[in-house]
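# Per-entry structural report
If you want the building blocks of each chain, they are given just below.
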Amino acid sequence: MRQYTVALLVLGVLILQGFSLEPSEPRIAIIGGGIGGASASHFLTELLSGALDVDLYEARTIGGRLATVEIDGDEVEAGGTIIHPKNMYMQKFVELLGLEKKPPSKEKMGIWNGDEFVFIESDWSVISLWKLFYRYGYQPYTLQRHINSMIEDFTKIYDLQDAGQSFANVEALLSAMNKDFPKLLHTSTKEYFLQMDYSEKLIDELVESATVVNYGQDVTDIQSFVGSISLAASGDLWSVKGGNKKVPEQLIHRNEKVKVIPSRVTKIRNLLNHDDSHRYEVTYVNTDNAIMTSTYDIVIIATPLTRDQEFQIEFVDLPDLVFPGKYQTTYATFVKGDLALKYFDLQEAVDSILCCNPNKTKISSIGKVDSVDGSIKKNSSVWKIFSRTPVETRLLDVMFSDVIENTQIGWKAYPHYSTNMKLGNFKLHDALYHVNAIEWAASAMEMSAIAGRNVAILANKDFLQKSSSKMSNEEVLKSSPKKRTAGEL
């Protein structure tokens, strides 16, 4: 009888070990199909070795703010356009997906203050450098060295994430790159560079043109971390052949573990079941306007949550979640026509105009754009205008001649930055995460990809820890001695 009892105990232990070694596959909801949501789904699939079930909700189109528009038969970038050579995740995604890089075409740039051009590049690089030196001295060179140093610190995040490190909030992530980075969010771009003894002329012209074209905002208001990110947009920049939107599209659609649900999420409810393990109920409206619900172990929000967004999400039975601030509305106007040199008092054509005085003109930039497939039509002149308010037809008529076609789109492109913002959390609750918290440090494709991986690491750690704790509790309960009756002995 004793041998029989021992055998049963051994068998019981083996069964328990068999069940405890393999945690169940989590059900995951990802809300938002931009680069942040695509990155999170990709890295979570890697971390969990494919043992997961993902529903990805997208209210509009996969790609989010990476989008294209067609004008005169050409498809051109309408959202995020350029990628820095140090953006390691975008590079790795392109290689993984078998996509091609497309270098930008050679452009001649001018900086315009609304009245006149303060600087115009030459066709000869030596002359351009001499003109820069004549106007600003050695400061453009020292400024570039400073930005390059910041980029080197920024790239530390890749090794940290490769080592499995994650961060619950944005400040902790920035501090891991450089302990002084969070301080930059509380100093304006102008004040920051003045403290470094850069001239007002350089700040009000070179630096301001970068912040205005990239974020539509002034150096006196925008915080200096994102202001510095604006200045990093130089060097061997590139984009994805066929459109940058191909990265999130293919990361999502190639992943067999991801099911895309074309729906608008309206509510997230925290559910507390009998074993104190949190689950979430997601309410959504599908394409037939039917209200549906599904439950998940993990919910990842990869879309902005400020009150000025079109699609609001209600949080129920969760701690008060407040998302201050607002997003900057940017209008992208595409024109098929010829730039009117007379309007800008130009003697010869330029390919791009960067504006350095947003108080003088509503235009942030004007630039000639190529098709995303890299082809250039003979005599093709498609221009993209960034502006902070809609551009009226009468203004287009004086800025351009021989206009064949124009189209305009407006969207909440990036946060409206200031120096008194409160940084957000990536982890909102037990297993509820927010990728777009990163945007209050800076909004860029690579920033979203970094945040997507950070959230993936966080969610994976939390899930494995919870599963381990749950299974340990079950083992204790199952292995506890049970009172037996005399007949069972």
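Use the structure listed above.
In this text, all values refer to a predicted model and were calculated from it rather than measured experimentally. (Residues numbered from 1 in each chain as written. Predicted model: local features only at pLDDT ≥ 70, side-chain atom pairs only at ≥ 80, totals over all residues. Heavy atoms only, no water.)

## Some points on the pattern of salt bridges
Scanning all chains against the criterion turns up 26 salt bridges. The partner of Lys179 in a salt bridge is Asp180, with the nearest N and O atoms 3.5 Å apart. The exposure class assigned to Lys179 is exposed, which follows from its relative accessible area of 63%. Judged by its relative accessible area of 32%, Asp180 is partly exposed. Here Lys183 makes a salt bridge to Asp180, at a shortest N to O gap of 3.1 Å. Overall, the relative accessible area of 54% leaves Lys183 in the exposed class. Salt bridges sharing partners connect three or more residues here, namely Arg27, Asp53 and Asp55. (Salt bridge = Lys/Arg side-chain N within 4 Å of Asp/Glu carboxyl O. Buried < 20%, exposed > 50% of the residue type's maximum accessible area, 1.4 Å probe, protein only.)

## What to know about the side chain of Gln217
If you trace the backbone, Gln217 turns up in the loop between helix 10 (200–215) and helix 11 (224–231). Taking relative accessible area as the criterion, Gln217 reaches 4% and is therefore assigned buried. For Gln217, the side chain forms a polar contact with the main-chain nitrogen of Tyr417, separated by 2.7 Å. (Helix = DSSP H or I, 4+ residues; strand = E, 2+ residues; numbered from the N terminus. Polar contact = N/O pair within 3.5 Å; in protein donor to acceptor, adjacent residues only side chain to side chain.)

## Comments concerning the environment of Leu458
With respect to the secondary-structure elements, Leu458 resides in helix 14 (residues 445–479). Residue Leu458 is classed as buried on the basis of its relative accessible area, which comes to 8%. In sequence terms Leu458 and Tyr433 are 25 residues apart; their C-alpha atoms lie 8.6 Å from each other.

## Concerning the packing of aromatic side chains
Within this structure, the stated rule accounts for 17 aromatic pairs. Relative to Tyr198, the ring of Phe193 has its centre 5.8 Å away and its plane inclined at 75 degrees; by these criteria the two rings are edge-to-face. In terms of burial, Phe193 and Tyr198 fall into one category: buried. Note on Tyr215 and Tyr417: the rings are 5.7 Å apart at their centroids and 90 degrees apart in plane angle, and the pair reads as edge-to-face. Highlighted residues: Tyr215 in helix 10 and Tyr417 in the loop between strand 19 (400–415) and strand 20 (427–429), separated in sequence by 202 residues. Comparing Tyr215 with Tyr417, the two get one shared label, buried. The cationic tip of Lys101 hangs over the ring face of Trp238; the distance from NZ or CZ to the ring centre is 4.7 Å. (Phe/Tyr/Trp six-rings, centres within 6.5 Å; stacked < 30°, edge-to-face > 60°. Lys NZ or Arg CZ within 6 Å of the ring centre and 35° of its normal.)

## Brief notes about unusual backbone geometry
The backbone phi angle of Asp72 is positive, close to 55 degrees, even though this residue is not glycine. The backbone of Asp402 shows a phi angle near 55 degrees, a positive value even though the residue is not glycine. Within the secondary structure layout, Asp402 lies in strand 19.

## Some thoughts on the packing of helix 10 against helix 11
For the pair helix 10 and helix 11, the least separation of the axes is 8 Å and the interaxial angle reads 95 degrees. Relative to helix 11, the element helix 10 lies roughly perpendicular. Residues Leu206, Val207, Ala210, Thr211, Asn214 and Tyr215 of helix 10 form the contact with helix 11, whose participating residues are Val226, Gly227, Ile229, Ser230 and Leu231. In the contact of helix 10 with helix 11, the residues fall into seven nonpolar, four polar and no charged. (Axes fitted to C-alpha atoms, helices over the stretch in contact; angles between N-to-C directions. Parallel < 35°, antiparallel > 145°, perpendicular 65-115°, else oblique. Contact = heavy atoms within 4.5 Å. Nonpolar A, V, L, I, M, F, W, Y, C, P; charged D, E, K, R; others polar.)

## Quick look at the pairing of strand 13 (residues 298–301)
A two-sided burial pattern is seen for strand 13, the buried positions comprising Ile298 and Ile300 on one face and Val299 and Ile301 on the other. Summarising the sheet, strand 1 (residues 27–31) and strand 13 pair through four bridges and their orientation is parallel. Paired with Ile30 across the two strands is Ile300, which belongs to strand 13. (Pairing = 2+ DSSP bridges.)

## Examining the sheet that holds strand 7 (residues 117–120)
With respect to topology, seven strands assemble into an open sheet ordered 7-6-16-17-18-15-19, the strand pairing being mixed. Each of the sheet's edge strands pairs with one partner strand only, and the pair in question is strand 7 and strand 19. If you compare each strand with its neighbour and ignore which way they point, the axes differ by 20 degrees on average. Each of strand 6 (109–112), strand 7, strand 15 (327–339), strand 16 (352–355), strand 17 (363–369), strand 18 (382–387) and strand 19 is contacted by helix 10, which is oriented at about 105 degrees to strand 16, the strand it contacts most.

## Focus: the sheet that holds strand 14 (residues 314–316)
A sheet is described by the order of its strands in space; here four strands give the open sequence 12-11-10-14, paired in mixed fashion. Looking at the sheet topology across the chains shown, the edges are occupied by strand 12 (291–296) and strand 14. Each strand axis lies, on average, 20 degrees off the axis of its neighbour in the sheet, ignoring direction. Two elements, strand 10 (residues 264–272) and strand 11 (residues 278–285), share eight bridges in a ladder whose sense is antiparallel. Within strand 11, the position partnered with Asn270 by the bridge is Tyr280.

## A word on the packing of helix 3 (residues 88–97) against helix 12 (residues 246–253)
Their axes nearest at 10 Å, the elements helix 3 and helix 12 cross at an angle of 55 degrees. When the axis of helix 3 is compared with that of helix 12, the two are oblique. The way helix 3 lies across helix 12 gives a crossing that is left-handed. Contacts between helix 3 and helix 12 involve Met90, Phe93, Val94, Leu96 and Leu97 from the former and Lys246, Val247, Gln250 and Leu251 from the latter. Its residues assigned to classes, the contact of helix 3 with helix 12 comprises seven nonpolar, one polar and one charged. (Left-handed = near helix turned anticlockwise from the far one by under 90°.)

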